[in-house]
Structure formats: C-alpha cells, structure tokens
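Coordinates in review
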Amino acid sequence: ACAVEFDNQHCGIYAGDWDSYKVFADVFDPLIQEYHGIAADAVHTSDMDVGKIQGNIDPTAPVHSTRIRVGRSIDGFGLSPGITKDQRVGVEKLMSKAFANLTGDLAGSYYPLTGMNEQVRQQLVDDHFLFVSGDPNLKVAGMERDWPEGRGIFHNKDKTFLTWVNE
C-alpha cells in the first residue's frame, strides 16, 4: 500500500505481507537501506539473549520513561495493510493468550478496544496509553479497516510495560 496523498512525509509505502519485501525488493530495498543507513549487503540477525545487552544509560540522567517501538511480524498473519479481519482477530487471540502467561512484574491485563468500558477507556486515555483512530497515513494505507475490531492494549499491574495489539 502506498500513502501518497500527503506531502508532509518522507516515505509513504507499506508492505502488506512478508512476500511484498521480496516481490517489490527493487522498491523496498533502497528505501530501507537509506532510511536505516545500511549497506545493500547488510544481513539482519536476531539474537534474543538478554544477557548480551550492554546498557550505557547514565544512572544520574533524568530519564522518566522510555518508549521502544517495534512492529510485529507473526508467520501466517498479514502485516497491517494486508491483514484480514479474521487474521487481526487471530493475532488478538494469540497475543491475549500470550499475555495470560506473563508472570511476576510483567503480569497484567489485556483490554480489547471492542466493547471497552468507558471508564477503562478514559483511564487509558488519561494515562496516555491508548492509541486512537484517525491517522490519515494509516487510513489511506488501509490499516484502520474494521476499527476497532481485533485491537487492544495490554499493560502490567504497575503500568510500566505496555503492548499495543494491531495498532
């Protein structure tokens, strides 16, 4: 999907699924390389060993919060522009089940947007946690289809760990 209706962005292209990156590599690869400042022969590696993370944050720095944003890619499910309603609901069910397995300081609650209690919704808005519909880029790319179906937010009891589902 392309979001070309707006002149206030540097890139307006979205992959609908994993295959898009291969089929349209001539378009995606140069954009990804330029955006991330990587060479054409760069290779992505995943290493989930937390023991290898080396922090460099000054403990005296006045950091109040940090946001780390990642996009998901779950095998068998389309990406945001190409996901079907059934797939989106499937991702929500999968994530809800995963959240139920979190323990300790990560344990918390999942709040689906569909049928959300107004008091809960307002608290999430007041906490600045809730994402809302209306981003013009997401709309033209088809990423807000079936709003709010299959979308929600999880946070732990202390509200220090949050995950949006199908933003």
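In short, a report on the structure. (Residues numbered from 1 in each chain as written. Predicted model: local features only at pLDDT ≥ 70, side-chain atom pairs only at ≥ 80, totals over all residues. Heavy atoms only, no water.)

Looking at the sheet that holds strand 1 (residues 108-112)
We count it as follows: DSSP calls a pair of strands paired once it identifies at least 2 bridges connecting them. Secondary structure counts use DSSP, requiring at least four H or I residues in a row for a helix and at least two E residues in a row for a strand, with both numbered from the N terminus. Axes here refer to lines fitted to C-alpha atoms; in helices the fit is confined to the stretch in contact. Angles between the N-to-C directions go from 0 to 180 degrees. We call two residues contacting when some pair of their heavy atoms lies within 4.5 Å.
One open sheet accounts for three strands, arranged 1-2-3; its pairing is antiparallel. A strand with exactly one partner marks an edge of an open sheet, and here the two such strands are strand 1 and strand 3 (162-165). Taken over all neighbouring pairs, the strand axes of this sheet differ in orientation by 15° on average, direction set aside. Sheet analysis places strand 1 next to strand 2 (residues 152-156), joined by five bridges and oriented antiparallel. When the bridges of strand 2 are listed, Tyr 111 appears paired with Ile 153. Packing against the sheet, helix 3 (residues 85-100) makes contact with strand 1, strand 2 and strand 3, and its axis sits at approximately 160° to strand 3.

A look at a nonpolar patch on the surface
Rules: The residues that make up patches have over 30% relative accessible area and no salt bridge, and they are joined within 9 Å when like-charged or within 5 Å when they are Val, Leu, Ile, Met, Phe, Trp or Tyr. For the accessible areas, the method is Shrake-Rupley and the probe is 1.4 Å, while residue cover comes only from the protein chains on display. By definition, a salt bridge exists where a carboxyl oxygen of Asp or Glu is found within 4 Å of a side-chain nitrogen of Lys or Arg.
Among the surface-exposed residues, Val 23, Phe 24, Val 27 and Leu 31 lie close enough to one another that they form a single nonpolar patch of about 360 Å² accessible area. When you line up the elements, Phe 24 lands in the loop between helix 1 (18-23) and helix 2 (25-36).

Here we look at the pattern of salt bridges
For clarity, the cut-off: Buried means the residue's accessible area, taken with a 1.4 Å probe over protein chains only, is under 20% of the maximum for its type, while exposed means over 50%, and partly exposed covers the values in between.
What the rule picks out here adds up to four salt bridges. The partner of Asp 127 in a salt bridge is Lys 159, with the nearest N and O atoms 2.6 Å apart. Linking Asp 127 in the loop between helix 4 (118-126) and helix 5 (136-140) with Lys 159 in the loop between strand 2 and strand 3, this pair joins segments that are 32 residues apart in sequence. Residue Lys 159 is classed as partly exposed on the basis of its relative accessible area of 31%.

Points about the packing of aromatic side chains
We count it as follows: In this scheme Phe, Tyr and Trp rings, the latter by its six-membered ring, pair at centre separations within 6.5 Å, and the angle between planes marks the pair as stacked below 30 degrees, edge-to-face above 60, and tilted otherwise.
Under the definition given, this model contains four aromatic pairs. Pairing Phe 99 with Phe 154 gives two aromatic rings, centres 4.4 Å apart and planes at 15°, and the pair type is stacked. Taken together, the positions of Phe 99 in helix 3 and Phe 154 in strand 2 put the pair 55 residues apart, joining distant regions of the chain. Connected via pairs of aromatic rings, a cluster forms that spans Phe 99, Tyr 110, Phe 154 and Phe 161.

Focus on helix 4
Stated formally: Distance and chemistry together define a polar contact, namely a pair of N or O atoms within 3.5 Å, with one atom able to donate a hydrogen and the other to accept it when in protein, and with adjacent residues in sequence counting only for side-chain atoms on both sides.
N-capping of helix 4 is provided by Asn 117, with a side-chain oxygen placed 2.6 Å from the backbone N of Gln 119. Two residues or fewer after helix 4 comes His 128, characterised by a positive phi angle close to 65°.

Here we look at the pairing of strand 2
Among the five residues of strand 2, five are classified as buried, and the element is accordingly described as predominantly covered. Of the two faces of strand 2, the one holding Gly 152, Phe 154 and Asn 156 and the one holding Ile 153 and His 155 are both buried throughout. Here strand 2 pairs with strand 3 via four bridges, running antiparallel. Bridging across to strand 3, Gly 152 finds its partner in Val 165. Joining the antiparallel neighbours strand 2 and strand 3 is a turn of five residues, in which Lys 159 adopts a positive phi near 60°.

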